[in-house]
Amino acid sequence: MEKLQYISQGFTIEDQELNIRKALDNGIKWIQVRWKNAPENEFIKLCEISKKLCSDHQTVCIINDHVHIAKDLDADGVHLGLKDTSIEIARHILGKNKIIGGTANTISDVLQRMDEPCDYIGLGPLKFTSTKEQLSPILGFEGYEKIINDLKEKSLKIPKIFAIGGVILEDIERLQEIGIYGAAVSGQITSQPSVINQFKTILQ
């Protein structure tokens, strides 16, 4: 599984598509199509465009929240928030070979996600981020450390956890030391897509 995800950003379909194209041109291999509060027909159109672009670039295409859109487009999978469709229902709809990721904010969320089970966990936020309207309590590095240590104390295998929420290049080495698998990045890749290769080098 790739260790770097780009979570798409932009207020219009044109912005979203442009940012996705830039990320692909700079070597991203995993895109999560996320566009909150978009008109449904425009979101579906963006997902169709993204799926084709990702196929052309041999890049993983994950749809945020919308299981049926992911199914209809034969996307690579879906990412689900804690209040979205359950992992179990999504698995039933999408089948066993699609990627299903789930959001988590606390140790109990992580344990729930491991139990469900999803293929990877987006754990965060690391810091304040303006890309999310209803931000969960900020974890900071200490929060990640505590969750990883709690899992170790329970003698549980550490799942594939992606740090999310305001993550920048300078955070990656510290997150890796803690035991975090990868990172889901939005803002820095949107504004500076050339940074993708530096992320990939550290995350190898």
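First, a word on what this report is: a plain description of the structure on this page. Here the structure is a predicted model, which means the values were calculated and not measured.

A few words now on the environment of G182. You can see G182 is positioned in strand β8 (residues 182-185). As for G182 and I164, which are separated by 18 residues in sequence, their C-alpha atoms are 9.1 Å apart. Discounting chain neighbours no more than four positions away, the residues touching G182 are K3, I161, F162, A163 and L203.

A separate point is the packing of aromatic side chains. The tally for this structure, following the rule as stated, stands at 4 aromatic pairs. Taking the centre distance of 5.3 Å and the plane angle of 85 degrees together, the rings of W30 and Y120 count as edge-to-face. Placement of the pair is W30 in strand β2 (residues 30-33) and Y120 in strand β6 (residues 120-123), with a sequence separation of 90 residues. Y120 shares its class with W30; the two are buried. A ring pair is formed by F162 and Y181, whose centres lie 5.5 Å apart and whose planes are at 65 degrees; its orientation type is edge-to-face. Placement of F162 in strand β7 (residues 161-164) and of Y181 in the loop between α7 (172-178) and β8 is noted, with a sequence separation of 19 residues between them. Members of the aromatic cluster, joined through ring pairs, are W30, Y120, F162 and Y181. Against the face of Y181 rests K3, its NZ or CZ located 5.2 Å from the ring centre.

Below, the discussion takes up the side chain of N105. Relative to the helices and strands, N105 resides in the loop between β5 (99-104) and α5 (107-115). Discounting residues that sit within four places of it in the chain, N105 has contacts with L123, G124, P125, S136, P137, L139 and I147.

Looking now at the packing of α5 against helix α6 (residues 140-153). Where α5 meets α6, the closest approach of the two axes is 10 Å, and the angle between their N-to-C directions is 55 degrees. Regarding the angle of α5 to α6, the classification is oblique. As for the relative orientation of α5 and α6, their crossing is right-handed in sense. Together, I107, V110, L111 and M114 of α5 and I147, D150 and L151 of α6 make up the contact between the two elements. Its residues assigned to classes, the contact of α5 with α6 comprises 6 nonpolar, no polar and 1 charged.

What counts, and at which threshold
- Along every chain, residues carry numbers that run from 1 in the direction the sequence is written.
- With the structure being a predicted model, the display of local features is reserved for residues of pLDDT at least 70 and the display and counting of side-chain atom pairs for 80 or more, all residues being used for whole-chain, interface and lining totals.
- Excluding hydrogens and water, the side-chain values take into account all heavy atoms of the structure.
- Where helices and strands are cited, they refer to DSSP runs of H or I of at least four residues and of E of at least two residues respectively, numbered from the N terminus.
- By the convention used here, residues are in contact when the closest approach between their heavy atoms is within 4.5 Å.
- We call Phe, Tyr and Trp rings a pair once their centres come within 6.5 Å, taking the six-membered ring for Trp, and we label the pair stacked below 30 degrees between planes, edge-to-face above 60, and tilted otherwise.
- Each residue gets one of three labels from its accessible area relative to the maximum for its type: buried under 20%, exposed over 50%, partly exposed in between, using a 1.4 Å probe on protein chains only.
- Ring-over charges, as used throughout, are those where CZ of Arg or NZ of Lys falls within 6 Å of the ring centre and within 35 degrees of the ring normal.
- Each axis is a line fitted through C-alpha atoms, taken for helices only over the stretch in contact, and angles between the N-to-C directions span 0 to 180 degrees.
- Angles below 35 degrees are treated as roughly parallel, those above 145 as roughly antiparallel, those between 65 and 115 as roughly perpendicular, and all remaining angles as oblique.
- Whether a crossing is left-handed or right-handed is set by the direction in which the near helix is turned from the far one by less than a right angle, anticlockwise for left-handed and clockwise for right-handed.
- Residues are grouped as follows: Ala, Val, Leu, Ile, Met, Phe, Trp, Tyr, Cys and Pro are nonpolar; Asp, Glu, Lys and Arg are charged; every other residue, Gly included, is polar.

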